[in-house]
Amino acid sequence: MFVDERTAELSLTRENRTYYFCCSACLTEFAEPARRVAQLRLRLAVSWPLSLAVVALAYGVRFPGSEWLALGCAAVVQVYGGQGFYRGLWDAARSRLWNMDVLVAVATTVAFGYSTAVLLLPGHLPSTSYLDASALIITLILSGNYLEQLTRHRAGSAVRRLAELVPTTATVLRAGLESVVPVSELGVGDVCRVGPGSRFPTDGVVQTGRSSVDEAILTGESLPVPKAAGDPVVAGSTNLDGVLEVRATGVGSDSFLAQVGQLVAEAETSQLPLQRLADRIAQRFVPFVLAVAIAASLGWSLFGSGPTVALLVFVTVAITACPCAFGIATPAALVVAAGRGAESGVLFRGRDAIDRAARADIVLTDKTGTLTRGQARVVGAIAWGGWDDRRLLAVAAGLERGVRHPLAHAVEGEVRRRGLPPEEVSEVTVVAGRGVEGWLGTSRVELRGGPPFPDLESVPESMRASAARWSSEGASLSALVVDGSPRGLIAFSDPVAPGVGAAVATLRAEGVRVVMVTGDNARAADAVARAAGIEEVHAGVTPEGKLEWVRRFQREGRLVAFVGDGINDAPALAAADVGLAVGTGTEVARDAGQVLLVRAGFADVALALRLARATVRKVRQNIVWALGYNAVLLPLAAGALVPWRGFSVYATLPIVGALAMAISSTLVVTNSLSLRWVALERGPRAGPAAGAGARPSPG
């Protein structure tokens, strides 16, 4: 429920964030969930046998002194089983935060106190005892809390599984000696030895050895990834065969898994507009219920119901109300959504990221590395002006050295395949949306892949046919420009990533418009658009142009989601209503977007938006349930059935009310738990319809 940090007495600071609590039970539940479950299990083990004994003594087994034995059993349940409610009552009084514990503690204390007075003062009060009611109410509510805790534990299992992937110890090499140390003692630069079947204790870079690594936690793919010297590895992934020595680059809170955990925790504390309504209701709910309970009790006593019925009316109203359903309506859904997203490589950043993603109605996307695999390869190279393709590629490799882009990796792979040494290029600078430039001796060289791009008229006529063929086949072309004059072209092929067609079809079926905005040439963009089923394309667009397209759609009243790699697309990602940054590996800490797609697949865009929408839908359902439950059951508890059933209805209504209240919060969590099964496909499962073509718009 809502907790005002200005008046809260209980708080906990974790990872530089302070959390506030209404009672010590909630604090324990957050800080030590396993301990909370163990406490509830022990209290239930004591309370259930004693409560059943009280019921048996009240309705079946009678002998001299049985009523005193029942009082003793009920007292243990009241004091030990109800200990958490009394502690919550005390916390509420200190912090002036009304919570469910106030209602349970007050209601059961009234019932237990009256029954005790009946035994201690025989003949002075009506002889009806409600020890069975007070004991069963506490036990049933404890049972509901226990079921709720188990359900929440299951909801958060994804994050716990991620945390459990990192081993607790590591084999480290220091001063030529090998030793086993706790992972917490590792530092950046330490060299660890990881054998076959072991998990990597930190993020790092392979120093020596060759092996295959299972990176399913990162990519979602079960196929092993070959690793050799210079390749990165991620904490928690599994070394499958060879022995690797790895230099640590990310330890502790700087590791990939730790960053994932931090982002999930951040998503769990998101704020949705509906939660503000629930918070306002929860703040005033307990005083309102107590007022209704007192008014109903006094009202029926004036109609001649007698003190015992008036007491039962008060108890029934107090224990039937369920303020917790309002309080957990949003957090329960957010916990499940954050875990479900983390399992699928979708991480929500910021307190309003889920809400923003849920409202997006148009998706603008870059091409390379988002719609395509991001695993480009060189399919051809032509040179002129005294250059040949070998020198062309060698200079391009010198320019691209150290650049993190799919086309740069393709050039590096091609020169390695041909056995060509990269040329020495100095003062290399990446020009966003355009390419790379530097100095080759005294000559200014550029590898230009975006506008302004030399058109095919600049290609010698004898080579124009090859360039035109590559372009018509959808290849991306980059021009090597020396001192302002083109000297050659390199053609890159980057096929559409698996699942993109299904994702686009899913988004379109849900009313989301998909638009490609790319700096690549129109023919390459059209080829990818046709394969992906995207009907609107804007090609040859600079980073500033992408920003303008975002603003143009926003001026039309659209809620824009932009998908990019966080490099050339940073302005558009920042300006969009929700930015979805495609990342890989340990890049999850980037500030580029509100949603991070760790596995670098456009299919995850559809999943992210669907998950956000489903989360908001679940929150809405939870709040409607909480409102409906209390709107229906509170009048019944206050006596709405009396005109038809008489006051005899209160013989069972307190127990039924306690059972309903115990189940209510569990149902809210269970409803939220269904978010774990949000799927990508909905409606069309195939790719784009036959004949779906792209309508290019010149950039």
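Keep in mind the model is a prediction, meaning the values are calculated, not measured.

The rules behind each value
- Residues numbered from 1 in each chain as written.
- Predicted model: local features only at pLDDT ≥ 70, side-chain atom pairs only at ≥ 80, totals over all residues.
- Heavy atoms only, no water.
- Helix = DSSP H or I, 4+ residues; strand = E, 2+ residues; numbered from the N terminus.
- Buried < 20%, exposed > 50% of the residue type's maximum accessible area, 1.4 Å probe, protein only.
- Contact = heavy atoms within 4.5 Å.
- Areas by Shrake-Rupley, 256 points an atom, 1.4 Å probe, with all protein chains shown as cover.
- Patch = residues over 30% accessible without salt bridge, like charges linked within 9 Å, V, L, I, M, F, W, Y side chains within 5 Å.
- Salt bridge = Lys/Arg side-chain N within 4 Å of Asp/Glu carboxyl O.
- Pairing = 2+ DSSP bridges.
- Axes fitted to C-alpha atoms, helices over the stretch in contact; angles between N-to-C directions.
- Phe/Tyr/Trp six-rings, centres within 6.5 Å; stacked < 30°, edge-to-face > 60°.
- Lys NZ or Arg CZ within 6 Å of the ring centre and 35° of its normal.
- Expected span 1.5 Å × (residues − 1).
- Parallel < 35°, antiparallel > 145°, perpendicular 65-115°, else oblique.
- Nonpolar A, V, L, I, M, F, W, Y, C, P; charged D, E, K, R; others polar.
- Arc of directions from axis to C-beta.
- Core = buried A, V, L, I, M, F, W, Y, C linked by side-chain atoms within 4.5 Å.

> Just checking my understanding: could you explain the overall build of the protein for this structure?
Helix and strand content of the protein: 23 helices and 25 strands. A burial count over the protein gives 53% of its 699 residues as buried. A sequence separation of at least 24 residues applies to 70% of the contacts in the protein between residues at least 6 apart. As displayed, the protein offers around 29600 Å² of accessible surface, 57% of which is attributable to carbon and sulfur atoms.

> What is the right way to look at a nonpolar patch on the surface in this model?
Where nonpolar side chains cluster on the molecular surface, the patch consists of W625, L659, I663 and L667 and spans about 340 Å² of accessible area. Among the elements that take part in the nonpolar patch, helix α23 (residues 653-673) stands out by supplying three residues, more than any other. By the secondary structure assignment, L659 is in helix α23. Classification of L659 as partly exposed rests on a relative accessible area of 41%.

> Quick question: what am I supposed to make of unusual backbone geometry here?
Comment: phi is negative for the bulk of residues other than glycine, and the bulk of peptide bonds are trans. The phi angle at E427 is positive, at roughly 50°, despite the residue not being glycine. A residue is classified by how much of its surface remains accessible, and E427, at 59% relative accessible area, is exposed. In this structure, D483 takes a positive phi of about 50° despite not being glycine.

> What's the story with the sheet that holds strand β19 (residues 485-493) in this structure? I'm lost.
Strand pairing within a sheet occurs via backbone hydrogen bonds; the two strands may be parallel or antiparallel. Read from one edge of the open sheet, six strands run β14-β19-β18-β17-β16-β15, paired in antiparallel fashion. Each of the sheet's edge strands pairs with one partner strand only, and the pair in question is β14 (377-383) and β15 (426-431). Across the sheet, the mean angle separating the axes of adjacent strands is 20° when strand polarity is ignored.

> What am I meant to see in the packing of aromatic side chains here?
Each aromatic ring pair is characterised by the separation of its centres together with the angle its planes make. Taken as a whole and judged by the stated rule, the model has five aromatic pairs. Their ring planes at 55° and their centres at 6.0 Å tell us that W300 and F303 sit as a pair that is tilted. Note on W625 and Y629: the rings are 6.0 Å apart at their centroids and 40° apart in plane angle, and the pair reads as tilted. Here Y629 and W625 lie together in helix α21 (residues 603-640), a separation of four residues that amounts to about one turn. Under the relative-accessibility criterion, Y629 is labelled buried at 6%. Positioned over the ring face of Y80 is R43, at 6.0 Å from the centre of the ring. We note R552 situated over the ring of W549; from NZ or CZ to the ring centre the distance is 4.0 Å.

> Before we go on, may I ask you to explain the sheet that holds strand β9 (residues 232-233) in this structure?
An order of β4-β3-β5-β11-β6-β9 is seen for the six strands of this open sheet, with the pairing classed as antiparallel. Only two strands of the sheet have a single partner each, and these edge strands are β4 (177-182) and β9.

> Looking at this structure, I do not really get helix α11 (residues 307-320). What am I missing?
Since the α-helix advances by 3.6 residues per turn, residues separated by three or four positions end up pointing in the same direction. Look at α11: 20 Å from first C-alpha to last across 14 residues, which is about the 20 Å you get at 1.5 Å a residue. Of all 14 residues making up α11, 13 are buried, and the element is well covered by its neighbours.

> Which parts of the structure should I look at to understand the pairing of β19?
In summary, the side chains of a regular strand alternate between the two faces of the sheet. Of the pairings in the sheet, the one linking β14 to β19 comprises six bridges and is antiparallel in character. Each bridged residue has a counterpart across the sheet, and for R377 the counterpart in β19 is S493. When strand β18 (residues 476-482) meets β19, the two strands line up antiparallel, connected through seven bridges. Counterpart to S478 in the pairing with β19 is I490.

> Teacher, can you tell me more about the pattern of salt bridges here?
Opposite charge on two side chains makes pairing possible when the charged atoms of those side chains draw close. Tallied over the entire structure, the rule returns 18 salt bridges. R94 is the salt-bridge partner of D91, the closest N and O atoms lying 3.2 Å from each other. Separated by three residues within a single helix, D91 and R94 lie in helix α4 (residues 83-95), roughly one turn from each other. For E548, the salt bridge is made with R555, and the minimal N-O distance between the two is 2.8 Å. The class for R555 is exposed, based on a relative accessible area of 59%.

> Would you mind showing me how to read the packing of α11 against α23 here?
For any two helices packed against each other, the geometry is given by the interaxial angle and the distance between the axes. Axis separation between α11 and α23 bottoms out at 8 Å; the angle between their running directions is 10°. Here α11 is positioned roughly parallel relative to α23, judged by the angle of their axes. Each of L312, T316, I319 and T320 in α11 lies in contact with α23, whose residues at this interface are L653, P654, G657, A658 and M661. Looking at the contact of α11 with α23 residue by residue, the class counts come to six nonpolar, three polar and no charged.

> Help me understand the pairing of strand β22 (residues 560-564), please; the structure alone is not making it clear to me.
With five of five residues buried, β22 lies mostly within the body of the structure. In β22, alternate side chains face the same way, and those of V560, F562 and G564 on one face and A561 and V563 on the other are all buried. Sheet topology note: the strand β13 (residues 362-365)/β22 ladder contains four bridges and is parallel. Directly across from V363, in β22, lies its bridge partner A561.

> Mind showing me how you'd approach the environment of V206 here?
Among the secondary structure elements, V206 is positioned in strand β6 (residues 203-208). Once the C-alpha coordinates of V206 and A248 are considered, the two residues, 42 residues apart in sequence, prove to be 9.0 Å apart. In this view, V206 contacts K227, A228, A229, G230, D231, V233, L244, E245 and V246; residues no more than four positions away in its chain are not counted.

> Honestly, α4 in this entry has me stumped. Any pointers?
Between its first and last C-alpha atoms α4 spans 18 Å; for 13 residues at 1.5 Å apiece the expected length is 18 Å, and the two agree. The set of residues buried in α4 consists of G84, F85, G88, D91, A92 and S95. In an axial view of α4, the angular spread of the buried residues amounts to 120°, which keeps them on one side of the axis. Pointing more than 90 degrees away from the buried face of α4 are the exposed residues W90 and A93. R96, located one to two residues past α4, shows a positive phi value of around 60°.

> What am I meant to see in the nonpolar core here?
Inside soluble globular proteins, nonpolar side chains tend to come together where they are buried. Counting residues in each nonpolar core, the largest one holds 60 residues, and the members touching the most others are F85, V317 and Y650. Apart from residues no more than four positions distant in its own chain, F85 is found in contact with M100, D101, V104, A105, I138, I141, L142 and N145. In this structure, A337, A503, I534 and F602 belong to the second largest nonpolar core, which totals 54 residues.

> What am I meant to see in the environment of G81 here?
With respect to the helices and strands, the residue G81 is situated in helix α3 (residues 66-81). The exposure class of G81 is buried, given its relative accessible area of 1%. It is 5.4 Å that separates the C-alpha atoms of G81 and R43, two residues lying 38 residues apart in sequence. Dropping the residues within four chain positions of it, G81 is found in contact with R43, S47, V76, I138 and L142.

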